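Listed below, chain by chain, are the residues.
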Amino acid sequence: MERIIKSMEDKYLLPALELVEDVFTECDSPEEGKMVRKLVEEIRAKKYYLPDLELIMVNENHEIIGYAMFSRFHIEGRYENELLILTPVAVKTELQRQHISKDLLEYGFEKAKEAGFKAVLVEGNPKNYNPRGFQSSYKFGIEAGPNVKLPSPDCLMVKELEKGALDKINGLVDYSFYEALHEG
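Residues numbered from 1 in each chain as written. Predicted model: local features only at pLDDT ≥ 70, side-chain atom pairs only at ≥ 80, totals over all residues. Heavy atoms only, no water.

Enquirer: What's the story with the overall build of the protein in this structure? I'm lost.
Expert: Scanning the protein from terminus to terminus reveals 4 helices and 9 strands. Helices and strands in the protein line up, N terminus first, as β-α-α-β-β-β-α-β-α-β-β-β-β. Whereas a compact globule of 184 residues would reach a radius of gyration of roughly 16 Å, the protein reaches 16 Å, a difference of no more than 12%. Its C-alpha atoms give the protein principal-axis dimensions of roughly 45 × 35 × 30 Å. (Helix = DSSP H or I, 4+ residues; strand = E, 2+ residues; numbered from the N terminus. Rg over C-alpha atoms; globule rule 2.2 N^0.38 Å.)

Shown next as C-alpha cells:
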C-alpha cells in the first residue's frame, strides 16, 4: 500500500475533519469526536495555525488514513515561536498499529525543527508517546495549570527538537485560549 505524507491541502480540509471526528468518536465518544473536530477548526482559524505542520498521510486512492496537527503554543504568554503542541493525532481505526502515526510524527518533528521550533508538547498516553522521545514535562518545570485535568502528571509530555531547549522553557500549561476545550 502506497502512503504519502504531506502538508494540508484545501481539498483535504473537510476529509481531515471527518477522519478526526470519526476516530475520536470510535475510540472515545461522539461528544469527544465533535469536541476534537471543533478544536481543529478553531486552531485553523487562529494565529497559532501552521498549515505546513498540519500533516496528513494519504493512500494510493488519495484517502486520508492518518492525521497530525502541530501548532504554535505558549506557556504563560511565552515561547510561541519555540514551542509547538501536538494535537490531535488520528489514524483510521482499522489501520492503527501500522506505524502511520509514528511516520507522521517523525516527519513532523523534522519539519518543525527545520522551521526553527525547539520543543513539542503533547497530552496523551505515555505508552504512545514515550517511544517517540517524549518525556514527562514536569521533569522540565512544565506543569499542568489548575484548569488542566490529567489522569496522571505523566500524561503531559514534552520532546526537545534541539538539545538543551527545555532548559529555557518552563511554566504552567493552560488551554483557556481554546474555546473548544471549555465549552462543556
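So that's the structure; there's more coming.
Enquirer: Help me understand the layout of surface pockets, please; the structure alone is not making it clear to me.
Expert: Left-over empty space is what a probe sized like a water molecule reveals as it rolls over the atoms. Roughly 1400 Å³ of internal volume is contained in the largest pocket. What lines the largest pocket is a set of 47 residues, and nearest its centre among them are Phe24, Val89, Glu123, Gly124 and Tyr129. For the lining of the largest pocket, the secondary-structure elements that each account for two or more residues are α1 (13-27), α2 (30-45), β4 (83-91), α3 (100-114), β5 (119-123) and α4 (126-129). In the lining of the largest pocket, the residues fall into 25 nonpolar, 12 polar and 10 charged. (1 Å grid on protein atoms, 1.4 Å probe; cavity = no way out; pocket = protein on both sides within 12 Å on 5 of 7 lines; lining within 4 Å. Points joined across faces, edges and corners; volume = space filled by probe spheres on them. Nonpolar A, V, L, I, M, F, W, Y, C, P; charged D, E, K, R; others polar.)

Enquirer: Mind showing me how you'd approach the pattern of salt bridges here?
Expert: Side-chain pairs of opposite charge can arise whenever the charged atoms involved come near each other. With the rule as written, the count across this model stands at 9 salt bridges. Across the pair glutamate 9 and lysine 6 runs a salt bridge, and its minimum N-O distance is 3.4 Å. Its relative accessible area of 31% is what places glutamate 9 among the partly exposed residues. A salt bridge links glutamate 80 to lysine 47, with the shortest nitrogen-to-oxygen separation between them at 3.8 Å. (Salt bridge = Lys/Arg side-chain N within 4 Å of Asp/Glu carboxyl O. Buried < 20%, exposed > 50% of the residue type's maximum accessible area, 1.4 Å probe, protein only.)

Enquirer: Explain the side chain of asparagine 59 here, please?
Expert: In this fold, asparagine 59 is placed in strand β2 (residues 54-59). For asparagine 59, a relative accessible area of 7% gives the class buried. One polar contact links the side chain of asparagine 59 to the main-chain amide nitrogen of asparagine 61, over a distance of 2.9 Å. Among the polar contacts made by the side chain of asparagine 59, one reaches the side chain of glutamate 63 at a distance of 2.8 Å. (Polar contact = N/O pair within 3.5 Å; in protein donor to acceptor, adjacent residues only side chain to side chain.)

Enquirer: Just to check I follow, could you spell out the sheet that holds β5 for this structure?
Expert: In any sheet, the strands associate via hydrogen bonds between backbone groups, in a parallel or an antiparallel arrangement. Read from one edge to the other, the open sheet built from 7 strands follows the order β1-β2-β3-β4-β5-β8-β6, with strand pairing classed as mixed. The sheet is open, and its two edges are formed by β1 (3-7) and β6 (135-136), each paired on a single side. With 5 bridges connecting them, β5 and strand β8 (residues 156-160) associate as antiparallel partners. Its bridge partner being in β8, leucine 121 is matched across the sheet by valine 158. Against the sheet, α3 touches β1, β2, β3 (64-72), β4, β5 and β8, its axis set at about 35° to β3. (Pairing = 2+ DSSP bridges. Contact = heavy atoms within 4.5 Å. Axes fitted to C-alpha atoms, helices over the stretch in contact; angles between N-to-C directions.)

Enquirer: Just to check I follow, could you spell out unusual backbone geometry for this structure?
Expert: The phi torsion of most residues other than glycine is negative, and most of the peptide bonds are trans. Residues threonine 87 and proline 88 are joined by a peptide bond in cis, for which omega reads -10°. Locating proline 88 in the fold gives a position in strand β4. Positive phi is not limited to glycine here, since tyrosine 79 has a value of about 75°. Turning to its location among the elements, tyrosine 79 is positioned in the loop between β3 and β4. A positive phi angle is found at arginine 97, which is not glycine, with a value near 70°.

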